[in-house]
Amino acid sequence: MLRFLLISFLFFPLLASAGSKAFVWLDLGDVIVETRNGYEKMHYMPGAVEYVNELKLRGHSVGLIVNIPESWGQPEDYNSKINELLVFLKKGWIDQEHPFTLAPFDQVLIPFFDRQRKPAPDLFVMALEVSNKRNLRPIFQSENVEEVNSAKTVGFTTHLVTFSGPQAHYLAFEELDK
């Protein structure tokens, strides 16, 4: 069984051919939501909403991989933990004209336990399984080098999000659509 799992993790990402659709997994903080100025002044990163919308228009699936503390919500209760995340975001959200929503995202992965938080591989392995089941190329984007390296280790194509002032630089559509 272990041999099969190892082989599947090594080769399933290669099954999706170039030009196929991707499952683009994004980090939340400082990739979609600006948190560099503190958690009491959160808003969308400039260009984030447009980037996610364009991904969807091009036929890609989009997911979030979000670190939250184990203490949020009920133990091993996905819905209560997601609710705590939304309460936290709402509490510090300053852009009332553009409220935060999970609606554009096909899937949101969160840890149940602190030991599963990124850069640990647990959430990346789950995201890889979701991508492979849908025969989509797994891509992960984050501003955190450790997270990017961890995702790459389990089989993702990765992109380190960089910044020019407030503007985040995501993986170019030309690269995604190859």
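Scope of this entry: the structure provided in the associated data block. Residue numbering note: each chain is counted from 1, following its sequence as written. This being a predicted model, a pLDDT of at least 70 is required before a residue's local features are given, and a value of 80 or more before pairs of side-chain atoms are given or counted; all residues contribute to the totals for chains, interfaces and linings. The basis for the side-chain values is all heavy atoms of the structure; hydrogens and waters are excluded.

### Observations concerning the sheet that holds strand β1 (residues 22-27)
Paired through their backbone hydrogen bonds, the strands of a sheet run either parallel or antiparallel. Let me state the cut-off plainly: Strand pairing is assigned whenever DSSP detects at least two bridges linking the two strands. Strands here are runs of E lasting at least two residues and helices are runs of H or I lasting at least four, both read from the DSSP assignment and numbered beginning at the N terminus. Angular values range over 0 to 180 degrees, each being the angle between N-to-C directions of two axes fitted as lines to C-alpha atoms, with helices fitted over their stretch in contact.
One open sheet accounts for five strands, arranged β5-β4-β1-β6-β7; its pairing is parallel. Of all strands in the sheet, those with a lone pairing partner are β5 (107-109) and β7 (157-160), marking the two edges. In this sheet, adjacent strand axes meet at a mean angle of 20 degrees when their direction is disregarded. The sheet contact formed by β1 and strand β4 (residues 61-65) spans five bridges and is parallel. Bridge assignment links L26 to a residue of β4, and that residue is L64.

### Overview of the nonpolar core
This is how the line gets drawn: To define a nonpolar core, start from buried Ala, Val, Leu, Ile, Met, Phe, Trp, Tyr and Cys residues and group those joined through side-chain atoms within 4.5 Å. Accessible area is worked out with a 1.4 Å probe on protein chains only. A residue is then buried under 20% of its type maximum, exposed over 50%, and partly exposed in between. Contact between two residues is taken to exist if any of their heavy atoms lie within 4.5 Å; hydrogens are not considered.
Grouped together as the largest cluster of nonpolar side chains are 35 residues, with contacts concentrated most on L28, I32, L64 and L176. For this core, the secondary structure elements donating two or more residues are β1, α2 (48-57), β4, α3 (78-92) and α6 (173-176). Element by element, the count of residues in this core is highest for α2, at four residues. Contact partners of L28, with chain neighbours within four places excluded, come to V33, L64, I65, V66, L85, L89 and F100. Counting residues in each nonpolar core, the second largest holds 14 residues, with F23, W25, L128 and V154 among its members.

### Observations regarding the layout of surface pockets
The cut-off we apply is this: Using protein atoms alone on a 1 Å grid, points that fit a 1.4 Å probe yet trap it form a cavity, whereas open point sets bounded by protein on both sides within 12 Å along at least five of seven lines form a pocket; residues with an atom within 4 Å of a point count as lining. Grid points are joined across faces, edges and corners, and a volume is the space filled by probe spheres set on the points. Gly is put with the polar residues, along with every residue not named as nonpolar or charged; the nonpolar set is Ala, Val, Leu, Ile, Met, Phe, Trp, Tyr, Cys and Pro, and the charged set is Asp, Glu, Lys and Arg.
By volume, the largest pocket is sized at about 370 Å³. If you go around the largest pocket, you meet 20 residues; those closest to its centre are G29, Y39, V66, N67 and F88. Take the lining of the largest pocket: its biggest share by element is three residues, from α3. Residue classes in the lining of the largest pocket are distributed as 11 nonpolar, three polar and six charged.

### What to know about the environment of F173
Its place among the elements puts F173 in helix α6. In this view, F173 contacts Y51, E54, L55 and R58; residues no more than four positions away in its chain are not counted.

### Here we look at unusual backbone geometry
Here the amide bond leading from K118 into P119 is cis, since omega sits at 15 degrees, within 30 degrees of zero. With respect to the element layout, P119 can be found in the loop between β5 and α4 (122-133). Phi is positive for D30, close to 65 degrees, though the residue is something other than glycine. Along the chain, the position of D30 falls in the loop between β1 and β2 (33-34). According to the relative accessible area criterion, D30 is buried, its value standing at 11%. Positive phi is not limited to glycine here, since E76 has a value of about 55 degrees. Here E76 shows up in the loop between β4 and α3. Judged by relative accessible area, E76 falls into the exposed class, the value being 53%.

### Some words on the packing of aromatic side chains
Quick note on the threshold: Each aromatic pair joins two rings of Phe, Tyr and Trp (for Trp, the six-membered one) with centres within 6.5 Å, and gets the label stacked for planes under 30 degrees apart, edge-to-face for over 60, and tilted for any other angle. In our convention, an over-ring charge means Lys NZ or Arg CZ found within 6 Å of a ring centre and within 35 degrees of that ring's normal.
Per the counting criterion, the structure on display carries 11 aromatic pairs. With centroids separated by 5.1 Å and ring planes inclined at 45 degrees, the aromatic side chains of W72 and F88 adopt a geometry described as tilted. Of the two residues, W72 sits in the loop between β4 and α3 while F88 sits in helix α3, which places them 16 residues apart along the sequence. F88 sits in the partly exposed class, given a relative accessible area of 28%. Taken together through their ring pairs, the aromatic side chains of Y39, W72 and F88 make up a single cluster. A cation over an aromatic ring shows up here: R36 above the ring of F163, its NZ or CZ 4.2 Å from the ring centre. Stacked on the ring of F113, the Lys or Arg R115 has its end atom at 4.5 Å from the ring centre.

Bear in mind that shape data such as this cannot, by itself, settle questions of function.
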